[in-house]
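What follows is each chain in one-letter form.
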Amino acid sequence: MTKRSGKHLLIAAALAATGLAGVARAQDTDGIVVYNAQHEGLGNAWAEAFTKETGIKVTLRKGSDMEFANQIVQEGANSPADAFLTENSPAMALVESKGLFEPVAKETLDQVPEQFRPANGHWVGIAARSTVFAYDKTKLTEDKLPKSMLDLAKPEWNGRWAASPTGADFQAIIGALVQLKGEAEATTWLKGMKENFKAYRGNSTAMKAVNAGEVEGALIYHYYYFGDQAKTGENSKNVALHYFKNQDPGAFLSTSGGGVLASSKHKEQAQAFLKWVTGKGGQTILREGDSFEYAVGNGDASNKALVPIADLQVPNVEPSTLNNAKVTDLMTAAGLL
C-alpha cells in the first residue's frame, strides 16, 4: 500500500465514524480553501477541530464580509475558494444574488432552524449576534434608556450615543431597519442619526468610549461586551447592555452565514465542513469558546452567559434580502459614509 492510498483510507475511516462518509474521494484529499470573514480565532478553532476529526485539511484565508463577497463575485468560476464564512448575512446575499453558491445539503439545512437560513437553502446560518445598546451604567438608569432604537434619532439623544457606521456589523443592522420599516423611514432615521451620534471605528472602540464616559451609549453587537468581561473587563467595567426586545429594529439578530461555492472542485469536502460547523462539533465550540456568539443549531445551547435567544424577542427578518448596496447608498446620502 502506498503512503497516499493509506492516507485516503484513514480519512475515509474518520468520515465514516462521524457520519461524513463518502466525501474522501481520491481527487478531494488535498483539502479545502475557506474564505473566512468570521472571527479569526473561531475560524481557526473550527478548522482545526474539523481536520482533527476527519483528516481533511482546511486552509483559511482571512478577510472581511464584503471584501470577500466582492472578491468572489469578481473571481466567478475561477475562485480558488471552496467555502465562505461570514459574520453577517448581507455578504452571503450578494454572492447568492450572482448565482455563485452550490445549494447546501439537506442534512445540513435540517440542522438549523428556518430563521437562520434563506428559504432557497443556498447558504446556511452558522452563528448569530444580537444588536444591543451598550450604556454607561454610572450615568443612565433603566428608566432613562431608549425604548426603541428609533428613539436614538430624536433630538434628546443629540451627542449622547455612538456607533461604527463603516463596519459590516452596523450596516447589517441598517439593512434590517430598511426591511422592517421601509426606505423612507430608514432614511429619516439615518438623517437623525447623522445629527445625533458620534462616529468611532469599530464596535469595541465605541464601547470603550462608553466606558470612558465620552458618550452615554453605543449601538453595537452583544459579544464585544461579553468578550471583554471574560478577559479583564477593563473596557466594560462601567458598561451594561440594554436589549430593546419587542420585535424592535434594535432587537435585530444578525445571522452569520456559511456557503459552498458552485465553482468549488472539492464540493463534497466543503459540504462536509459546513455540516460539521452547523452540527454538534461546531456549535459546541461556539458554546464553550470565547467568541460569545449565539449557537444556531437545532437544540444547541449558547454560552450560559448570554441572554437566551428565546428571550430576545427578535423581529422577523429574511436574511437573504438584506441588501448592502442599498444600505450603503442610503448611508452615503445621509452623510454617514
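Residues numbered from 1 in each chain as written. Predicted model: local features only at pLDDT ≥ 70, side-chain atom pairs only at ≥ 80, totals over all residues. Heavy atoms only, no water.

Quick notes on the pairing of strand β8 (residues 217–221)
Along β8, five of the five residues are buried, which leaves the element largely enclosed by surrounding structure. A two-sided burial pattern is seen for β8, the buried positions comprising Gly217, Leu219 and Tyr221 on one face and Ala218 and Ile220 on the other. Summarising the sheet, strand β5 (residues 124–136) and β8 pair through five bridges and their orientation is antiparallel. Within β8, the position partnered with Thr131 by the bridge is Tyr221. Of the strand pairs in this sheet, strand β6 (residues 161–163) and β8 are connected by two bridges, and their pairing is parallel. Counterpart to Trp161 in the pairing with β8 is Gly217. (Buried < 20%, exposed > 50% of the residue type's maximum accessible area, 1.4 Å probe, protein only. Helix = DSSP H or I, 4+ residues; strand = E, 2+ residues; numbered from the N terminus. Pairing = 2+ DSSP bridges.)

Digging into the packing of aromatic side chains
All told, the structure shown has twelve aromatic pairs when counted by the stated rule. For the ring pair Phe50 and Phe273, a centre distance of 5.2 Å and an interplane angle of 75° mean the geometry is edge-to-face. Taken together, the residues span a long stretch of sequence, with Phe50 in helix α2 (residues 40–54) and Phe273 in helix α9 (residues 267–278) at a distance of 223 residues. Of the two residues, Phe50 and Phe273, neither departs from the other in class, the shared state being buried. With a centroid separation of 5.2 Å and an interplanar angle of 85°, the aromatic rings of Tyr225 and Phe226 are classed as edge-to-face. (Phe/Tyr/Trp six-rings, centres within 6.5 Å; stacked < 30°, edge-to-face > 60°.)

Focus on the environment of Lys231
Along the chain, the position of Lys231 falls in the loop between α8 (223–230) and β9 (239–242). A residue is classified by how much of its surface remains accessible, and Lys231, at 70% relative accessible area, is exposed.

Examining the pairing of β5
β5 sits mainly inside the fold: 13 of its 13 residues count as buried. When β5 meets strand β10 (residues 253–261), the two strands line up antiparallel, connected through six bridges. In the sheet register, Ala128 faces β10, and the bridge partner there is Thr255. Note: β5 against β9, four bridges, orientation antiparallel. For Phe133, the partnering residue across the bridge sits in β9 and is His242.

Let's talk about helix α7 (residues 203–211)
Listing the buried residues of α7 in full gives Asn203, Ala206, Met207, Ala209, Val210 and Asn211. Phi turns positive one or two residues past the end of α7, at Gly213, with a value near 85°.

Notes on the side chain of Ser130
With respect to the secondary-structure elements, Ser130 resides in strand β5. Given the relative accessible area of 2%, Ser130 is considered buried. Other than its neighbours up to four places away in sequence, Ser130 contacts Ile220, Tyr221, His222, Tyr243, Phe252, Leu253, Tyr294 and Leu312. (Contact = heavy atoms within 4.5 Å.)

Describing the side chain of Ser263
Structurally, Ser263 can be placed in the loop between β10 and α9. In contact with Ser263, other than residues within four places in its own chain, are Gly76, Ala77, Ser79 and Ala81.

A short note on the environment of His222
Relative to the assigned elements, His222 resides in the loop between β8 and α8. Under the relative-accessibility criterion, His222 is labelled buried at 0%. A C-alpha to C-alpha distance of 12 Å links His222 and Val239, two positions 17 residues apart in sequence. Look past the residues within four positions of His222 in its chain and what remains in contact with it is Ala128, Arg129, Ser130, Val132, Leu241, Tyr243, Phe292, Glu293, Tyr294 and Leu306. A polar contact is formed between the side chain of His222 and the backbone oxygen of Phe292, at a distance of 2.7 Å. (Polar contact = N/O pair within 3.5 Å; in protein donor to acceptor, adjacent residues only side chain to side chain.)

Topic: the packing of α2 against α9
Where α2 meets α9, the closest approach of the two axes is 11 Å, and the angle between their N-to-C directions is 115°. By the angle class used here, α2 and α9 are roughly perpendicular. Relative to α9, the crossing made by α2 is right-handed. The residues of α9 that touch α2, namely those facing Trp46, Ala47, Ala49, Phe50 and Glu53, are Gln269, Ala272, Phe273, Trp276 and Val277. The class makeup of the residues in the contact of α2 with α9 is eight nonpolar, one polar and one charged. (Axes fitted to C-alpha atoms, helices over the stretch in contact; angles between N-to-C directions. Parallel < 35°, antiparallel > 145°, perpendicular 65-115°, else oblique. Left-handed = near helix turned anticlockwise from the far one by under 90°. Nonpolar A, V, L, I, M, F, W, Y, C, P; charged D, E, K, R; others polar.)

This is a description of form; function is not addressed.
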